[in-house]
Amino acid sequence: MALVPCQVLRVAILLSYCSILCNYKAIEMPSHQTYGGSWKFLTFIDLVIQAVFFGICVLTDLSSLLTRGSGNQEQERQLRKLISLRDWMLAVLAFPVGIFVVSMFWIIYAYDREMIYPKLLDNFIPGWLNHGMHTTVLPFILIEMRTSHHQYPSRSSGLLAICTFSVGYILWVCWVHHVTGMWVYPFLEHIGPGARIIFFGSTTILMNFLYLLGEVLNNYIWDTQKSMEEEKEKPKLE
């Protein structure tokens, strides 16, 4: 039996994301006042994705509790739709985008923090909030994957969806540069057009890889769980 029910964990995670978003939006930074506001940063978009995803998880748990034993086919049909939406969001957005944000941020930060998170930001963003945006996303999404089985969409439709998101965000970053003359991320100022194309192409490929990683990890976790349960059910030899 789990020490903390997964339903309680989801509520706690949702509340933590709401707190992070509220604290982040309350910060008065110059970049928040420019074209695109917070929405030009993938970190903020990811926080919204994670908050919406865990909101759907909590709503699914509540719906499941209310429909349990009711025998109402319409309610059960609506519940299945919610579960399908929850699973789709984890597969296509919450897992790949969340892992991408965490891994890319800390890799670039370790190489040269000025390229991704200038020291000047320490005057605006406290350390705990930085970790809330760029670190805790990883354990939270892994906890969700471990506590609940998620049905992935067909591989072709899933990859198409994550490619659409990736290309859409790249076009958005380019549009912000077109309007303001400045790149959203400082390191893009220091590389040439060819290098930017390679970088954008590589990030799209990485997003696809992370989608496949999530699918493999999800199958591994629940195939292993199923095998363990089958082993327990086998009659013991006298």
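Residues numbered from 1 in each chain as written. Predicted model: local features only at pLDDT ≥ 70, side-chain atom pairs only at ≥ 80, totals over all residues. Heavy atoms only, no water.

You'll find the protein chain entered in an unreviewed UniProt entry as Androgen-induced gene 1 protein isoform X2, with Trichechus manatus latirostris given as the organism. What UniProt states about the protein chain under its Sequence similarities (unreviewed entry) heading is, verbatim, "Belongs to the AIG1 family." In its Subcellular location (unreviewed entry) section, the UniProt entry covering the protein chain states "Endomembrane system". (UniProt positions renumbered as here; feature names shortened; annotations may be inferred.)

1. Remarks on the overall build of the protein chain
For the protein chain, the count of helices and strands is 8 helices and 0 strands. Along the chain direction, N to C, the helices and strands of the protein chain fall in the order α-α-α-α-α-α-α-α. Along the three orthogonal principal directions, the C-alpha set of the protein chain runs to about 70 × 40 × 35 Å. Split into buried and exposed, the 238 residues of the protein chain put 42% on the buried side. Excluding contacts between residues fewer than 6 apart, the proportion of contacts in the protein chain whose partners are at least 24 apart in sequence is 79%. For the protein chain, the computed accessible surface area is about 13600 Å², with 68% contributed by carbon and sulfur atoms. (Helix = DSSP H or I, 4+ residues; strand = E, 2+ residues; numbered from the N terminus. Buried < 20%, exposed > 50% of the residue type's maximum accessible area, 1.4 Å probe, protein only. Contact = heavy atoms within 4.5 Å. Areas by Shrake-Rupley, 256 points an atom, 1.4 Å probe, with all protein chains shown as cover.)

2. Concerning the packing of helix 1 (residues 6-26) against helix 5 (residues 127-134)
In the contact formed by helix 1 and helix 5, the axes pass within 10 Å of each other and the chain directions differ by 125°. The pairing of helix 1 with helix 5 is recorded here as oblique in orientation. Crossing geometry of helix 1 relative to helix 5 is assigned as left-handed. Along its contact with helix 1, which presents I20, N23 and Y24, the element helix 5 presents W128, L129, G132 and M133. Across the contact of helix 1 with helix 5, the residue classes tally to 5 nonpolar, 2 polar and no charged. (Axes fitted to C-alpha atoms, helices over the stretch in contact; angles between N-to-C directions. Parallel < 35°, antiparallel > 145°, perpendicular 65-115°, else oblique. Left-handed = near helix turned anticlockwise from the far one by under 90°. Nonpolar A, V, L, I, M, F, W, Y, C, P; charged D, E, K, R; others polar.)

3. A short note on the pattern of salt bridges
Considering all chains together, one arrives at 5 salt bridges under this definition. In this structure, D122 and R113 form a salt bridge, with 3.1 Å as the shortest nitrogen-oxygen distance. For R113, a relative accessible area of 16% puts it in the buried group. R155 is the salt-bridge partner of E215, the closest N and O atoms lying 2.7 Å from each other. Of this pair, E215 sits in helix 8 (residues 193-233) while R155 sits in helix 7 (residues 155-180); the two residues are 60 residues apart in sequence, bridging distant segments of the chain. Residue classification places E215 among the buried residues on the basis of a relative accessible area of 10%. Here the residues in one salt-bridge network are R10, D61 and E144, joined through shared partners. (Salt bridge = Lys/Arg side-chain N within 4 Å of Asp/Glu carboxyl O.)

4. Re a nonpolar patch on the surface
A cluster of nonpolar side chains, Y35, W175 and V179, forms an exposed patch at the surface whose accessible area comes to about 280 Å². Along the chain, the position of W175 falls in helix 7. W175 gets classed as partly exposed once you look at its relative accessible area, which sits at 43%. (Patch = residues over 30% accessible without salt bridge, like charges linked within 9 Å, V, L, I, M, F, W, Y side chains within 5 Å.)

5. Here's the deal with the nonpolar core
Core analysis: the biggest nonpolar cluster contains 64 residues, and Y17, L42, V97, F165 and Y185 have the highest contact counts within it. Elements that contribute at least two residues to this core include exactly helix 1, helix 3 (42-67), helix 4 (73-112), helix 5, helix 6 (137-147), helix 7 and helix 8. The element best represented in this core is helix 4, accounting for 16 residues. Filtering out sequence-adjacent residues up to four positions away, Y17 remains in contact with L47, Q50, A51, F54, T136, V137 and F140. (Core = buried A, V, L, I, M, F, W, Y, C linked by side-chain atoms within 4.5 Å.)

6. What to know about the packing of aromatic side chains
Each aromatic ring pair is described using two quantities: the centre-to-centre distance and the angle formed by the ring planes. Tallied over the entire structure, the rule returns 17 aromatic pairs. Taken together, a centroid distance of 4.9 Å and an interplanar angle of 90° make the contact between W39 and F44 edge-to-face. For W39, a relative accessible area of 46% puts it in the partly exposed group. For the pair W183 and F200, a centre-to-centre distance of 6.4 Å together with 50° between the ring planes defines the contact as tilted. Linking W183 in the loop between helix 7 and helix 8 with F200 in helix 8, this pair joins segments that are 17 residues apart in sequence. In this structure, W183 and F200 share a single accessibility class: buried. By the ring-pair criterion, three or more aromatic residues cluster together here, those being F41, W183, Y185, F187, F199 and F200. (Phe/Tyr/Trp six-rings, centres within 6.5 Å; stacked < 30°, edge-to-face > 60°.)

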